[in-house]
Amino acid sequence: MTAYPPDRHDFSRSAPVRLWEDGFAPDPHRYYDALRAQGPIGWAELAPGVPAYVITDRRAALDVMHDTRTFSHDPRGWEETVPPDSPVLGMMRWRPNALFSDGAAHLRYRTTLIDVFDLVEPHDLRGRVHRAVRLLAGRIGPRGEADLVADFSRPLMALVLNDLFGLPDSQSDRLNEGLGKMMEGGAQAVEGETQFAQYVLELVAAKAERPGDDLPSRLLAHPAELTCEEVTWQVFLTLGAGYEPTANLLSNTLSRILGNPLYYSTLTNGARPVMDAVVEVLHHETPLANYGTYYAREPVAIHGVWLREAVPIVVSYGALGQFAERYVTGGRSPKDASHLSWGAGSHACPVKQHVLLLVTEAIERLTQWLPDLDPVLPRERLAWRPGPFHRSLSALPVRFSPRSPASPADPSGVRT
Ligand code: HEM
């Protein structure tokens, strides 16, 4: 048994901050404050009876993310300690993919993914995004009202990803449903994971039989010679890692823009780039709020805390951004105040440039098609979906002048 020196804080008997509670989604900052009150690393629960260390300090986060000798991304030791029906397993259980691997296996998967995503040229991605926006704007335009989460951000991501992964638009609802349930980590998480897995299995089997000009076919053909099963797991990862967080980044950014009339009018005038709003979201409402998950290879003390093995160490990108917000507002130097929303170190998000292009293009294009979007609710009355991992709007209702767009509206149009 490991002896824990008395000068180090050992959380095992402290009351955890319950990130699974109903109160977390409407007011995450209260929970981050409680975690921060415990020091750079706090003690939380991701689900009832599933404890985790949560890092709320930038230096401590980087120390963990950059130290692959001390910290692993492989959850299998932890998995043995949780009930097989735990709702967080859908998001956290081991699979042979880049995210849950270390060392040579990680390098092989990650390099292959980067190679195939690098073949997606910016102008090609832009074209796919424009096509999807046109389709959705054509669908909602005549109605004069819409929920930008259900009618725009989520279907847009399903359309763009299905397009990149070589599936027809008609399949996008299945993707939406399975992933949504899994990400909430609630009672339907297991069902969602099963639906999503079935979707991916069918997709890769179809591409193995009849390759096309799409991401799964390129993964199958890559000289790294991933097996069909390995490709299936990389597709499972990239669709999951891509769909929900990007849809949420899109909705959260739209809500910030629409919630601020001055911002929105300058935006449609072209004076303030959409990218500014995206960066604001990455600081203040980052979509992957608590999901950089590491495991100590053996008990280790950092920043005054003992971290046991087989207990998740979660980097709270949400809490880190909140700290940045206060730090800057307090008038002090912002030198340490930038967000870490793409992660850091060897597992950092490999496609952040693609994502930034996708989100900014989608918003710019939407506001050209429908230039007078008007939020139905003030921002403080918007509801957020439950779950410890994400920051995800339930709905973003808007009104606008009904339009049957044959072409985008005059881009100089501003809100009246
Ligand atoms: C099409 C969209 C996206 C795709 C395909 C994608 C893909 C990936 C992949 C494959 C990884 C694992 C890399 C590795 O382990 O080596 C990853 C990690 C990560 N991604 Fe993305 N991602 C997307 C969007 C986003 C968005 C919108 C965010 C948040 C703003 C995000 C944040 C992250 C973070 C924080 C990690 C590291 C997680 C960790 O350390 O455990 N990603 N992403």
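In case you missed it, the structure is sitting above this.
Conventions adopted
Residues numbered from 1 in each chain as written. Predicted model: local features only at pLDDT ≥ 70, side-chain atom pairs only at ≥ 80, totals over all residues. Heavy atoms only, no water. Buried < 20%, exposed > 50% of the residue type's maximum accessible area, 1.4 Å probe, protein only. Helix = DSSP H or I, 4+ residues; strand = E, 2+ residues; numbered from the N terminus. Pairing = 2+ DSSP bridges. Salt bridge = Lys/Arg side-chain N within 4 Å of Asp/Glu carboxyl O. Polar contact = N/O pair within 3.5 Å; in protein donor to acceptor, adjacent residues only side chain to side chain. Contact = heavy atoms within 4.5 Å. Core = buried A, V, L, I, M, F, W, Y, C linked by side-chain atoms within 4.5 Å. Near = heavy atom within 4 Å. 1 Å grid on protein atoms, 1.4 Å probe; cavity = no way out; pocket = protein on both sides within 12 Å on 5 of 7 lines; lining within 4 Å. Sits in = over half its atoms within 2 Å of the grid points. Nonpolar A, V, L, I, M, F, W, Y, C, P; charged D, E, K, R; others polar. Phe/Tyr/Trp six-rings, centres within 6.5 Å; stacked < 30°, edge-to-face > 60°. Lys NZ or Arg CZ within 6 Å of the ring centre and 35° of its normal.

## Structural notes on the pairing of strand E3 (residues 50–55)
Part 1 of the argument: Across the six residues of E3, five count as buried, placing the element largely inside the fold.
Part 2 of the argument: Relative to E3, strand E2 (residues 41–47) is paired through six bridges, and the arrangement is antiparallel. Following the sheet pairing, Glu45 is matched in E3 by Pro51.
Part 3 of the argument: Linkage of E2 to E3, two consecutive antiparallel strands, is achieved through a turn of two residues, within which Gly49 is found at a positive phi near 80°.
Part 4 of the argument: Taken together, the three bridges between E3 and strand E9 (residues 313–316) define a ladder with parallel strand orientation. Paired with Ile55 across the bridge in E9 is Val315.

## Some remarks on the pattern of salt bridges
Part 1 of the argument: Summed over the entire model, instances satisfying the criterion amount to 22 salt bridges.
Part 2 of the argument: The partner of Asp102 in a salt bridge is Arg297, with the nearest N and O atoms 3.6 Å apart. Placement of the pair is Asp102 in the loop between helix H4 (89–92) and helix H5 (103–118) and Arg297 in the loop between strand E6 (290–296) and strand E7 (300–302), with a sequence separation of 195 residues.
Part 3 of the argument: With a closest N to O distance of 2.8 Å, Arg154 and Glu244 form a salt bridge. With a gap of 90 residues between them, Arg154 in helix H7 (residues 149–164) and Glu244 in helix H11 (residues 228–258) connect regions that are remote in the sequence.

## A closer look at the side chain of Asn290
Part 1 of the argument: Relative to the helices and strands, Asn290 resides in strand E6.
Part 2 of the argument: Within the structure, the side chain of Asn290 is placed 2.9 Å from the backbone oxygen of Pro388, a separation counted as a polar contact.
Part 3 of the argument: Contacts of Asn290, omitting those with residues within four sequence positions, involve Leu19, Phe24, Tyr32, Val54, Val314, Val315, Ser316, Pro388 and Phe389.

## Brief notes about the nonpolar core
Part 1 of the argument: Ranked by size, the top nonpolar core spans 99 residues in total, and within it Leu19, Leu148, Phe152, Leu156, Val235 and Leu239 carry the most contacts.
Part 2 of the argument: For this core, the element with the highest residue contribution is H11, accounting for 12 residues.
Part 3 of the argument: Beyond its immediate sequence surroundings of up to four residues, Phe152 is in contact with Val133, Leu136, Asp147, Leu250, Leu254, Ala362 and Leu366.
Part 4 of the argument: Counting 23 residues, the second-largest nonpolar core is a separate cluster that includes Val300, Leu307, Leu320 and Ala344.

## With respect to the environment of Ser341
Part 1 of the argument: Considering the arrangement of structural elements, one finds Ser341 in the loop between helix H14 (317–329) and helix H15 (352–369).
Part 2 of the argument: When residues no more than four places from it in sequence are discounted, the contact partners of Ser341 are Leu282, Thr286 and Tyr317.
Part 3 of the argument: At 2.6 Å, the side chain of Ser341 forms a polar contact with the side chain of Thr286.

## Examining the pairing of E6
Part 1 of the argument: Counting buried positions along E6 gives seven out of seven residues, so the element sits mostly inside the fold.
Part 2 of the argument: In this structure, strand E4 (residues 71–72) lies alongside E6, joined through two bridges in antiparallel fashion. Its bridge partner lying in E6, Ser72 is registered against Tyr295.
Part 3 of the argument: Here E6 runs beside E9; their pairing, made up of four bridges, is antiparallel. Directly across from Thr293, in E9, lies its bridge partner Val314.

## Comments concerning the site of the ligand
Part 1 of the argument: Near the ligand there are 30 residues, and of these His73, His106, Arg110, His347 and Cys349 occur at the shortest range.
Part 2 of the argument: His106 places a polar side-chain atom, nitrogen or oxygen, 2.7 Å from an oxygen atom of the ligand.
Part 3 of the argument: Between the ligand and Arg110, the relevant distance is 2.7 Å, taken from an oxygen atom to a side-chain nitrogen or oxygen of the residue.
Part 4 of the argument: Applying the majority rule of atoms within 2 Å of the grid points places the ligand in the largest cavity.
Part 5 of the argument: Mapped onto the shell around the ligand, the elements with two or more residues apiece are H5, H11 and E6.
Part 6 of the argument: Ranked by residues supplied to the shell around the ligand, first place goes to H11 with six residues.
Part 7 of the argument: Tallied by class, the residues present in the shell around the ligand amount to 18 nonpolar, 11 polar and one charged.

## Things to note about the sheet that holds strand E10 (residues 374–375)
Part 1 of the argument: The sheet built from three strands is open, its strands ordered E5-E11-E10 with antiparallel pairing. The outermost strands of the open sheet, each flanked by one partner alone, are strand E5 (145–147) and E10.
Part 2 of the argument: In this structure, E5 lies alongside strand E11 (residues 397–399), joined through three bridges in antiparallel fashion. Looking at E11, one finds that Glu145 is bridged to Arg399.

## Topic: the packing of aromatic side chains
Part 1 of the argument: One pass over the structure, following the stated rule, counts seven aromatic pairs.
Part 2 of the argument: Taking 5.7 Å as the distance between ring centres and 80° as the angle between the ring planes, the aromatic pair formed by Tyr291 and Phe389 counts as edge-to-face. Here Tyr291, found in strand E6, pairs with Phe389, found in the loop between E10 and E11; they are 98 residues apart in sequence, far enough to count as distant.
Part 3 of the argument: Judged by its relative accessible area of 16%, Tyr291 falls in the buried class.
Part 4 of the argument: Chaining the aromatic ring pairs together yields one cluster made of Phe24, Tyr31 and Tyr32.
Part 5 of the argument: Against the face of Trp94 rests Arg76, its NZ or CZ located 3.9 Å from the ring centre.
Part 6 of the argument: Lying over the aromatic face of Trp384, Arg391 brings its terminal NZ or CZ to 3.6 Å of the ring centre.

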